[in-house]
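Listed below are the residues making up each chain.
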Amino acid sequence: MLAIAAIASTRFSARFGVPALVLFVGLGVFAGSSGPLGIAFSDYALAYDIGLLALAVILYSGGMETRMRLFQVAIVPAGLLATMGTVVNMAVIGLAAWWLTPLDLIRSLLLGAVLAPTDAAALFSSLKGRGLPSRLRGILETESGTNVPMSLLMTLSLSIAVSTGEVDASGLAVGVIIQLALGAIAGVVLARLLVWLINHLRLEAYGLYPILALSGGLLIYAVTNLIGGNGFLAAYSAGLVVGNARLAHRHAIATFTEALAWGGQILMFMVLGLLVFPERLLTSLGVSLGITAVVLFLARPLAVFGTLGILRSLSLGRYTFSIAERTLLSWAGLKGAVPIILAIIPLSFGIPGAEYVFNVVFVAVIVGTVIQGFTLGPLAQRLGLAVEEPPRSPLRLELGGDAPIGATVMDVYLGADSRAVGARIADLPLPGDVVIAAVLRDGQLVTPRGSTVFRAGDHVYLISDHPDAPTPTAFLPRRLAAKAALDAPTEEPAPEGGGQAASAEGAHVSQA
């Protein structure tokens, strides 16, 4: 019943901009021991294990949804935000907590480490349909997929420091470098082996391919942890490699993994909600709201503006972000389940004041996420950064079964300024590896023929043999088509100062 209610609540989330995690957690609180259903649950260790497993699946699925071209453009600024920016967040929140709360300095820094990371699940679900430029969206998604290791290591190290009274700063720095390096390498290498296995293992039952891909992703997460690397970074890296490879049964794998990621979110957030006793939150509500303000208006902006300012100086202006872009990046650093899960670690160590930290973190995450969720879209429009996103087609064509490896169906929406509007199919300069499969017009399928003339509002379905094929210039808006023609001679990614990638506008990709 709770799962059905959680799934139904996503309609409210998508319509009004409320992040799904808030609704899922709310259902957990409703069902908990202090709610009407009265389900007693206080097993922090089980909740922590569920959270770790769900995060691994979410990061794996998020990596599969991230286009490699976008990742390559975003990795440098996102990587600095995930490392240096996370440390700045921890320091600013920790110092503020030292002043606002009864915690000592080391416990205050522990609170800062817990609240420092952004959350992949919150971002992947909240950024869709908000009109954010692909460049900024890529940075936010890549940052959220790679900052968990840093925060986890800082939280563990500070928890050990509180328990033992010793702080090993050099050990923490070395541990971060080793775990991140092993996580990235193991994720990429093992994912390439998984892609080879999926493409060469001829299974009679097609339904086993998604299970194979998911099992492989979880195995990569587990093996990386066993060898001393960071499993979360390995899971995200593996998803990135698998999602951008020429892969058999791509659509079935992607759909199954996305479904499991949503299931993981629902389970994880509801379990975290079950752990909460609302009456205990009231005792620290004022302090929690103060910490929330620090997170939103001080820590995150300092981390973004400072980190990207340093990056601009070191790169001699190659990575340049306007004040409006940095403002939006600052406001879009949504928290989520990650800080709440990290807040369980001090509880598992039996640290005095750990329950106080958990309550403050819970309130800060929920309140901050609600505020950001409602205002992110309007802020992007106010800053002049919102981009018009094409409407999703009511029809989805898919290549199922044993389709050619890497085959892709692209849904291209034709706006009024598209080059194809008013042109016949026979007159379009299409690439040799692209075939027009169907045209959806006013809810009706139109058989594509050479004499068919495209109209504004058409959804055109193209079949290509490559998973990351760009939208043909014949279908792009005129301004992007001209830019693509100028950029055609080079194979390198667009510079950071450039705008939205041409291939990301107006196309939804559904892959076999």
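Thresholds applied
- Residues numbered from 1 in each chain as written.
- Predicted model: local features only at pLDDT ≥ 70, side-chain atom pairs only at ≥ 80, totals over all residues.
- Heavy atoms only, no water.
- Core = buried A, V, L, I, M, F, W, Y, C linked by side-chain atoms within 4.5 Å.
- Buried < 20%, exposed > 50% of the residue type's maximum accessible area, 1.4 Å probe, protein only.
- Helix = DSSP H or I, 4+ residues; strand = E, 2+ residues; numbered from the N terminus.
- Contact = heavy atoms within 4.5 Å.
- Pairing = 2+ DSSP bridges.
- Axes fitted to C-alpha atoms, helices over the stretch in contact; angles between N-to-C directions.
- Parallel < 35°, antiparallel > 145°, perpendicular 65-115°, else oblique.
- Left-handed = near helix turned anticlockwise from the far one by under 90°.
- Nonpolar A, V, L, I, M, F, W, Y, C, P; charged D, E, K, R; others polar.
- Phe/Tyr/Trp six-rings, centres within 6.5 Å; stacked < 30°, edge-to-face > 60°.

Enquirer: It is not clear to me how the nonpolar core should be interpreted in this structure. Could you clarify?
Expert: Across soluble globular proteins, nonpolar side chains have a tendency to be buried as a group. Ranked by internal contacts, the top residues of the largest apolar core, which has 128 residues, are Tyr 60, Leu 115 and Met 268. Ranked by residues supplied to this core, first place goes to helix 18 (residues 354–382) with twelve residues. The contact partners of Leu 115, leaving out residues within four places of it in the chain, are Ile 93, Ile 291, Val 295, Lys 335, Pro 339, Val 361, Ala 364 and Val 365. Core analysis: the second largest hydrophobic core is formed by 15 residues, Ala 420, Val 434, Ile 436 and Phe 475 among them.

Enquirer: Just to check I follow, could you spell out the pairing of strand 1 (residues 408–413) for this structure?
Expert: Within a regular strand, the side chains alternate between the two sheet faces. With respect to burial, strand 1 is a largely interior element, five of its six residues being buried. Sheet topology note: the strand 1/strand 4 (residues 459–464) ladder contains six bridges and is antiparallel. Within strand 4, the residue paired with Asp 411 across the bridge is Tyr 461.

Enquirer: Help me out: how do you make sense of the environment of Phe 269 in this one?
Expert: One can find Phe 269 in helix 12 (residues 250–274). For the pair formed by Phe 269 and Gly 26, sequence separation is 243 residues and the distance between their alpha carbons is 8.6 Å. Excluding residues that lie within four positions of it along the chain, Phe 269 makes contacts with Leu 21, Phe 24, Val 25, Ala 121, Gly 336 and Ala 337.

Enquirer: Could you clarify how one ought to interpret the packing of helix 14 (residues 285–314) against helix 15 (residues 323–331) in this entry?
Expert: The description of two helices packed together rests on the angle between their axes and the distance between the axes. Viewed as axis vectors pointing N to C, helix 14 and helix 15 meet at an angle of 135°, and their least axial separation amounts to 9 Å. On the basis of the axis angle, helix 14 is oblique to helix 15. Two packed elements cross with a definite hand, and for helix 14 against helix 15 that hand is right-handed. Contact with helix 14, carried on its side by Leu 296, Phe 297, Arg 300, Pro 301, Val 304, Phe 305 and Leu 308, involves Ile 323, Arg 326, Thr 327, Leu 329, Ser 330 and Trp 331 of helix 15 and no other residues of that element. Its residues placed into classes, the contact of helix 14 with helix 15 shows nine nonpolar, two polar and two charged.

Enquirer: Is there a simple way to explain the packing of aromatic side chains in this structure?
Expert: How two aromatic rings sit relative to each other is set out by the distance from centre to centre and by the angle between their planes. Counted by the stated rule, this structure contains five aromatic pairs. Taken together, a centroid distance of 6.5 Å and an interplanar angle of 50° make the contact between Phe 71 and Tyr 236 tilted. Taken together, the residues span a long stretch of sequence, with Phe 71 in helix 4 (residues 68–100) and Tyr 236 in helix 11 (residues 231–243) at a distance of 165 residues. The same class applies to Phe 71 as to Tyr 236, namely buried.

Enquirer: Honestly, the packing of helix 10 (residues 208–226) against helix 12 in this entry has me stumped. Any pointers?
Expert: Two numbers describe how helix 10 lies on helix 12: the axes approach to 8 Å, and their chain directions differ by 60°. Classified by the interaxial angle, the pair formed by helix 10 and helix 12 is oblique. Classified by chirality, the crossing of helix 12 by helix 10 is right-handed. Only Ala 252, Ile 253, Phe 256 and Leu 260 of helix 12 make contact with helix 10, whose side of the interface consists of Tyr 209, Pro 210, Ile 211, Ala 213 and Leu 214.

Enquirer: Explanation requested: the environment of Ala 213 in the structure shown.
Expert: As for its placement among the helices and strands, Ala 213 is situated in helix 10. In sequence terms Ala 213 and Leu 197 are 16 residues apart; their C-alpha atoms lie 9.3 Å from each other. Discounting residues that sit within four places of it in the chain, Ala 213 has contacts with Tyr 60, Leu 194, Ile 198 and Ile 253.

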